[in-house]
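Chains, contacts and geometry: an overview
Residues per chain are reported as follows:
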Amino acid sequence: MPHQSMENSSSEQAANNPACNAGGGCNDAAAHTAEHSCATSTAHSAALRERGHPLALPRAVHLGLPPGPDVAGYWLRGFFWGVVTLVLAFGLRMLEWPCWQNPEFRLGSQWLLATHDAYHWVAGAEGIGLAVGHPMAEMLRWLADALGTYPAAVAFWFPAVLASFVALIVYAWVWALGSMEAGVAAGLLTSLAPGFLARTLLGYYDTDLVTLFFPLLMTLAPASWAMRYMLLPQMVLRRMAIGAGIMTARRLFSRGLPEDKLVRQLGQGEHLGNPLRWQWVVLLGCSGVISWWTQEWHSVFPYLIRYNIILLAFMSLIMAPRGRRALLLLGSLAYALPTLTGPVGLVFSLLLLLAGTRPGLKARRVLCRPGVLFLLWVGVAFLLVQGEILTTLTNHVNAYLKHAGDAKSTGEGAVLMYPSVAQSIIEVQDLSFAALFPYFHPWMEASIVGLLGFVVVMVRRPGALFLLPLAALGLLSTKLGGRMVMFGAPVVAVGLALPLFWTWQRLLRTSLRGSVAGLLTSAVLIALMVAPFVDMIPAMSQGPMINRRHAEALTRARTMTPEDSMLWLWWDWGYAAHYFAHRATIADGAQHAGPSLYLPAAVFATDNARFARQLIRYTAQCGNVPGNVFEGLDGTSAQVLMDRLRSDETPLIEAKGRLFVVVSFEMLRLGFWISNFGNWNFITHSGEGGALSIVPQELAYRLDSGEVRLEGSTSAIYASSINVFEETGVTRRNYVQEWFDAHPDASPQEQQDFLSRRRNVNFLFNRITDEKLAMDEGLYNSLMVQLLVGDPQSPRFSPYFKLVYDNVFARIYEVL
């Protein structure tokens, strides 16, 4: 973001006087002669320009203004290129729109959404569930009211809008770092980076939208302030080399300048202006309040804002020009205190507004004293570690580490090991280091060059250090999971745009080193590196996360079930059930660990309908709170409980309330993980999932013989069963059962001969979605499959479950 204009008033010159040193004492006589002592020499500016200092330009330029008098035109040009960035980013994202022209992607008049969590926020916007009052839900509600529509419609379109604003804020970052026009390409590269694009497509309303936007927004002002008043990292290294008397380093960094001349130039940083100017104090304070507010949006922000505060303090200590360390430490508090205390911290900013003026000279002297500054920063340090921030940080890191099991306390000193859901969530699964780079850009080489270029940017622009945690999070995707890759997108984009811009500046003549160099940078990057996204965006479109018929079943549950009923379904669709059915669920996206994971998995994975009914009713006896089921139990006791509920000798359990089980074709795709969790053994701490394959190739099948083969292949598999889902119903063929029914007198040898020709493979074909599943016998006989494809009147199910709704692809049963 361009810097504010700063007039050289006499009060500001006094504030900039080298006499206002780290000790806080400000000599009045020196203040009166500040104009002389703080004057900028042409030679010094030239020396700084040679070192690449972003502010070592003519005064208007390094303040973000044009060298001529046309200030309004300069800002209008910045506004124009910002709009261009926004429009291009949104237009490119709309290339996905044709992929949604499918009747299966709508339920009535509304588009189905592309991520599970989106329904959490939509339900919250309509006053349902745990998200009520959360900023993500409130934003939906406000926008829906303002636009005269419903929250689900806003949730469908808003990801493309806010992701385009991410492009705009990256454009502002590159503008602040050195080039307005080059920011256009950087913004587009960030917004369209595969790792960010995949999580912000149409219908993908989730916190990923803000976890990248806010870190970029809240640090733009402090980064610009730091670049305006602090030395470059390379200049600090030169100073350290001289102070240490390292001759080799001095020759390398000084580029042959005599030592005395270099020392004089390094000491002439005091001309940079007043760091307590009111515009900067206001910007820093507002950025601090935004930073404080972000903690309500996502759990990652408490850690990022603490990094920003520590970084700003460190830079004020290490990178301050001579005699200005106290002023910079004081100015940093204008950001630090509002960041940690919110609007309360703005009260201190009001004091700084006074201290930055001539009448506030006495207050500035007091605040710049070492003892006062020390006490203020001790207070900041206390605020940084207050509460349980370190414990919370450890817990959040552990949540992203893939353990085989999760240890949970069950009270009375007992600890129970449950299966870990993290293994099954795609977004937290680890990436290999080589697989990491294509998420920054489709071309691995471009990603590597961008990361290397960012190192160059950090050396030349100290404000880029505020982006360093984003780079770290992006690279830590190898350990913390794939969703972290989006944080690397702006880092790579900045690393591609600015070094190329600086290269053009060296190649072009002086009159073309500004806007023309920036335009060339964006033109080259857009032509070479944005073009691949034209075909990639439609290919990445994911469609809705819930099938239209599944959503229809949940909608019907709203009228077919009592308001106080409990729905048992897999946690992935818990949020959708909150929205469509307005009913409580046994698990959802916020309650999918420990007992909330194991209990529904045990119900759906078992082949024993009586055990499933017993477990559901026993949970109802415990208040439908999964944690209460295992209260006070250790591993052995928990396994004994499961065995008792599984036993036919245990009487049928009675419990108040009406309970319902929802099964759907969509759930079958997760069959391996559901069976793995459901077969968990509390003693051995292990589970075994059934074999499942989601077949991408085209398959041909014959219902009369059970023959299945790849299109064009001569080899065939003779399946144990085939189930074909069509609009009008399910065609079921169980070839093994049919043969045994037709040959009751077959000898053991004949039975063996028949079974040797049949594979233990069961196929399910969805003629609507063209999905093809193959699974083993154990998974096929589980309740998640048999409640969907089996006869609901079968004596296997009818004593325990009663079918109340069936649309072929989803069924709802009441637990008897």
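The paragraphs below set out a description of the structure included in this document. The structure presented is a predicted model; accordingly, all values stated were derived computationally and were not measured.

A look at the overall build of the chain
- Helices and strands together make up the secondary structure of the chain, namely 41 helices and 17 strands.
- In the chain, which comprises 816 residues, the proportion classed as buried is 56%.
- If you take every contact in the chain between residues at least 6 apart in sequence, the share linking residues at least 24 apart comes to 71%.
- Accessible area of the chain: about 33100 Å², with a carbon and sulfur share of 61%.

Here we look at a nonpolar patch on the surface
- Nonpolar side chains collect at one region of the surface, where Phe79, Val83 and Val87 lie side by side and expose about 300 Å² of accessible area between them.
- Structurally, valine 87 is set in helix α6 (residues 71-93).
- On the basis of relative accessible area, valine 87 is assigned to the exposed category, the value being 52%.

What to know about the pairing of strand β17 (residues 810-815)
- Counting buried residues in β17 gives six out of six residues, a clear majority hidden from the surface.
- Burial along β17 is two-sided: the residues Ala810, Ile812 and Glu814 and Arg811, Tyr813 and Val815 are all buried.
- Judged from the five bridges that link them, strand β7 (residues 659-664) and β17 form a sheet pairing that is antiparallel. Bridge assignment links valine 663 to a residue of β17, and that residue is arginine 811.
- Bridge count between strand β16 (residues 801-806) and β17: five bridges; the pairing is antiparallel. Following the sheet pairing, tyrosine 805 is matched in β17 by isoleucine 812.
- From the end of β16 to the start of β17, which pair antiparallel, there are three residues, and valine 808 there has a positive phi angle of about 80 degrees.

With respect to the pairing of strand β9 (residues 699-702)
- In this structure, β9 lies alongside strand β10 (residues 707-710), joined through four bridges in antiparallel fashion. Following the sheet pairing, leucine 699 is matched in β10 by leucine 710.
- Between β9 and β10, which pair antiparallel in sequence order, lie four residues; one of them, glycine 706, sits at a positive phi of approximately 80 degrees.

Some details on the pattern of salt bridges
- Under the criterion given, the structure shown has 17 salt bridges.
- In this structure, the salt-bridge partner of glutamate 814 is arginine 658, at a minimum N-O distance of 2.9 Å. Residue glutamate 814 is located in strand β17, and its partner arginine 658 is located in the loop between α35 (635-646) and β7; the two are separated by 156 residues in the primary sequence.
- On the basis of relative accessible area, glutamate 814 is assigned to the buried category, the value being 13%.
- A relative accessible area of 39% means that arginine 658 is categorised as partly exposed.
- Among the salt bridges present, the one from glutamate 707 reaches arginine 709, with a minimum N-O distance of 1.9 Å.
- Glutamate 707 sits in the buried class, given a relative accessible area of 10%.

Digging into the packing of aromatic side chains
- Per the counting criterion, the structure on display carries 40 aromatic pairs.
- With a centroid separation of 5.1 Å and an interplanar angle of 90 degrees, the aromatic rings of phenylalanine 156 and tryptophan 157 are classed as edge-to-face.
- Judged by relative accessible area, phenylalanine 156 falls into the buried class, the value being 0%.
- Clustering of aromatic rings is evident, with ring pairs tying together Trp97, Trp100, Phe105, Trp111, Phe156 and Trp157.

Comments concerning the sheet that holds strand β5 (residues 566-568)
- Pairing in this open sheet of five strands is mixed, and the strands run β6-β5-β7-β17-β16 from one edge to the other. Each edge of the open sheet is held by one strand with a lone partner, namely β6 (584-585) and β16.
- Against the sheet, helix α32 (residues 595-605) engages β5 and β7, with an angle of about 60 degrees to β5.

Concerning the nonpolar core
- Ranked by internal contacts, the top residues of the largest apolar core, which has 222 residues, are Tyr119, Tyr205, Ile546, Trp570, Phe580, Phe630 and Phe801.
- Sort the elements by how many residues they give to this core and helix α9 (residues 151-177) lands first, with 17 residues.
- With residues near it in sequence (within four places) discarded, tyrosine 205 still touches Thr115, Asp117, Ala118, Trp121, Met136, Met139, Leu140, Ala155, Phe158 and Pro159.
- Formed by 11 residues, the second largest nonpolar core is a distinct cluster that contains Val708, Ile722, Phe765 and Ala774.

A look at the environment of alanine 527
- Here alanine 527 is to be found in helix α28 (residues 515-530).
- In sequence terms alanine 527 and alanine 185 are 342 residues apart; their C-alpha atoms lie 9.6 Å from each other.

About the cut-offs
- Residues numbered from 1 in each chain as written.
- Predicted model: local features only at pLDDT ≥ 70, side-chain atom pairs only at ≥ 80, totals over all residues.
- Heavy atoms only, no water.
- Helix = DSSP H or I, 4+ residues; strand = E, 2+ residues; numbered from the N terminus.
- Buried < 20%, exposed > 50% of the residue type's maximum accessible area, 1.4 Å probe, protein only.
- Contact = heavy atoms within 4.5 Å.
- Areas by Shrake-Rupley, 256 points an atom, 1.4 Å probe, with all protein chains shown as cover.
- Patch = residues over 30% accessible without salt bridge, like charges linked within 9 Å, V, L, I, M, F, W, Y side chains within 5 Å.
- Salt bridge = Lys/Arg side-chain N within 4 Å of Asp/Glu carboxyl O.
- Pairing = 2+ DSSP bridges.
- Phe/Tyr/Trp six-rings, centres within 6.5 Å; stacked < 30°, edge-to-face > 60°.
- Axes fitted to C-alpha atoms, helices over the stretch in contact; angles between N-to-C directions.
- Core = buried A, V, L, I, M, F, W, Y, C linked by side-chain atoms within 4.5 Å.

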